[in-house]
Amino acid sequence: GREVTLEKPAERVVLTFNFEEYFAVTGEEGISKIVGWSRKYWEGRRQSSWDVFTEKFPALKDIPDVGYVPNNTFNVETVISLKPDLVLMAKNDYESVQTDLERLNAAGIPVIFVDYHLQTMDNHTNSTLLIGKVMGKEQQAQALVDFYKEQTDIVTERMKKAGADLEKPKVYVEFSEAAGPGTFGASYGKQMWGALIDQCGGDNITRDLVEGASAPVMPEQVLAANPDIIIFAGNQFADSDVNVGLGYTSDKETAARNLKSYGDRPGWSEINAVKNGQMYALYHDLSRHIFDFAGLQYFAKTIHPELFEDLDPDKNLKEFHDKFYPVEYTGTWFVSLED
């Protein structure tokens, strides 16, 4: 119900979220147009991304920090002082910034909200095209949307063809915390990775145990459910080398070794997934982003390898980087016990 008018494509942008989508649409050209951002979104939280971007584009380190909405540190005065002609925000922050939004409107600063969190084709598509429109990159945005749909359809079409009678293995997904195996990280209900389990023909053991997007479950509940497949989602942290750290600066040997260590948790040797070597991990941000087709593909190949033997999410994610992203595809984004 909001109407936002820009006289011309934005030249001075403040980003509070969805940096990845912004960069995929604008490429290297978009970097010089960022006048402020939520630094907490990347540094420390997405450390490998921060490291490769700031190594290639050192000027990113000097961009003023406007605070981070989820941490209640967003500073609207700083934003106004930067005189942007566009603020890009995430729809899931909309309710939290109503007062700030009024002040930005009063200052004549346009604000648009995009939504990749709902994990729908329509929202991914519309949000990407919107970024393209306000940045004067409509052709690039359309090419990105076409590529995304093509990659996603590989899974959805085959799953549709396989039908409802497909056997559903029990799947458990957990976020690999910086503290490593000693800490049980969040699991997922009907959103985020939980939604991908359903989409890829698996039986999510924590579907009815987690309210909202994510929350830890009791270790005993995992043992009692006895999953057939266990998948960890991991980031690189600035101060950890014991979790399943994945991303641009991760090496496969370390990631595989750390993944294996999770099987040594008390009682886990009796879980089917551990006994049968069905433990996997992928980069955590391959969910709720314009490149989450690779996460979907990896889940599909892991849960139903008989349907997706020819599918190579690693290769397809590299193609995304080659075509749309301003940094090279490096490191390790997927790992299994076989590695």
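You'll find the structure just up there.
Residues numbered from 1 in each chain as written. Predicted model: local features only at pLDDT ≥ 70, side-chain atom pairs only at ≥ 80, totals over all residues. Heavy atoms only, no water.

This part is about the pattern of salt bridges. Following the criterion strictly, the structure yields 17 salt bridges and no others. Close ionic contact of Lys149 with Asp153 constitutes a salt bridge, the shortest N to O distance being 2.8 Å. In this pair, Lys149 and Asp153 are both assigned in helix α6 (residues 138–162), four residues apart and thus about one turn of the helix distant. Of the residues examined, Asp153 reaches a relative accessible area of 23% and is grouped as partly exposed. Note that Asp322 is salt-bridged to Lys318, the shortest N-O span being 2.8 Å. Of the two residues, Asp322 and Lys318 both sit in helix α12 (residues 313–324), four residues apart, roughly one turn of that helix. (Salt bridge = Lys/Arg side-chain N within 4 Å of Asp/Glu carboxyl O. Helix = DSSP H or I, 4+ residues; strand = E, 2+ residues; numbered from the N terminus. Buried < 20%, exposed > 50% of the residue type's maximum accessible area, 1.4 Å probe, protein only.)

Attention shifts here to empty space enclosed by the protein. The tally for this structure, following the rule as stated, stands at one cavity of 30 Å³ or more. Taken as a whole, the largest cavity encloses approximately 40 Å³ of empty space. As for the largest cavity, its lining consists of Glu20, Ser49, Tyr248, Tyr283, Asp285, Phe291, Tyr325 and Trp333. For the lining of the largest cavity, the per-class residue count stands at five nonpolar, one polar and two charged. (1 Å grid on protein atoms, 1.4 Å probe; cavity = no way out; pocket = protein on both sides within 12 Å on 5 of 7 lines; lining within 4 Å. Points joined across faces, edges and corners; volume = space filled by probe spheres on them. Nonpolar A, V, L, I, M, F, W, Y, C, P; charged D, E, K, R; others polar.)

By the alternation rule, side chains of strand β4 (residues 111–114) split into Val111 and Phe113 and Ile112 and Val114, which are all buried. As defined by bridge partners, strand β3 (residues 86–90) adjoins β4 across four bridges and the pair is classed as parallel. The residue of β4 that forms the bridge with Ala90 is Val114. After leaving β3, the chain enters helix α4 (residues 98–106) and then returns to the sheet as β4, a path that is right-handed. (Pairing = 2+ DSSP bridges. Right-handed = clockwise from strand over helix to strand, strands pointing away.)

Ordered by their spatial adjacency, four strands build an open sheet running β2-β1-β3-β4, and the pairing between neighbours is parallel. Of all strands in the sheet, those bounded by a partner on one side alone are β2 (34–37) and β4. With direction set aside, neighbouring strand axes in the sheet form an average angle of 25°. Examined bridge by bridge, strand β1 (residues 13–15) and β3 share three bridges and lie parallel to one another. Across the sheet, Val13 pairs through a bridge with Leu86, a residue of β3. (Axes fitted to C-alpha atoms, helices over the stretch in contact; angles between N-to-C directions.)

Grouped together as the largest cluster of nonpolar side chains are 94 residues, with contacts concentrated most on Leu286, Phe299, Leu317 and Phe320. Sort the elements by how many residues they give to this core and helix α11 (residues 293–303) lands first, with seven residues. Listed in part, the 16 residues of the second largest apolar core include Phe74, Val76, Val87 and Leu101. (Core = buried A, V, L, I, M, F, W, Y, C linked by side-chain atoms within 4.5 Å.)

Quick look at the packing of aromatic side chains now. Tallied over the full model, the rule gives 32 aromatic pairs. Here Phe17 and Tyr41 contribute two aromatic rings whose centre-to-centre distance is 4.6 Å and whose plane-to-plane angle is 65°, an arrangement assigned as edge-to-face. Here Phe17 is found in the loop between β1 and α1 (19–26), whereas its partner Tyr41 is found in the loop between β2 and α2 (47–56), with 24 residues between them in sequence. The two residues Phe17 and Tyr41 agree in class, both being buried. Ring geometry for Phe23 and Phe53: centres 4.9 Å apart, planes at 25°, overall stacked. Taken as a pair, Phe23 in helix α1 and Phe53 in helix α2 lie far apart in primary sequence, 30 residues in all. (Phe/Tyr/Trp six-rings, centres within 6.5 Å; stacked < 30°, edge-to-face > 60°.)

On to α6, then. Taking 1.5 Å as the rise per residue, α6 with 25 residues should run 36 Å; its terminal C-alpha atoms sit 36 Å apart, in good agreement. Within α6 the residues assigned to the buried category are Ala141, Leu144, Val145, Phe147, Tyr148, Gln151, Thr152, Val155 and Met159. Here the buried face of α6 lies against α1, α5 (121–134), α7 (193–199), α11 and α12. (Expected span 1.5 Å × (residues − 1). Contact = heavy atoms within 4.5 Å.)

What follows deals with unusual backbone geometry. Backbone geometry at Asn72 places phi at a positive 60°, although glycine is not the residue there. Looking at where Asn72 falls in the secondary structure, it is placed in the loop between α2 and α3 (76–81). Phi is positive for Arg288, which is not a glycine, with a value near 65°. With respect to the helices and strands, the residue Arg288 is situated in the loop between β10 (279–283) and α11.

Strand order in the open sheet made by the five strands is β7-β5-β9-β10-β11, with mixed pairing throughout. Edge strands, defined here as strands with exactly one partner in the open sheet, are β7 (203–204) and β11 (334–336). One ladder, built from five bridges, connects strand β9 (residues 229–234) with β10; its direction is parallel. Note on β10: the bridge partner recorded for Phe232 is Ala281. Where helix α9 (residues 252–262) meets the sheet, it contacts β5 (170–175), β9, β10 and β11, and its direction lies at approximately 50° from that of β11.

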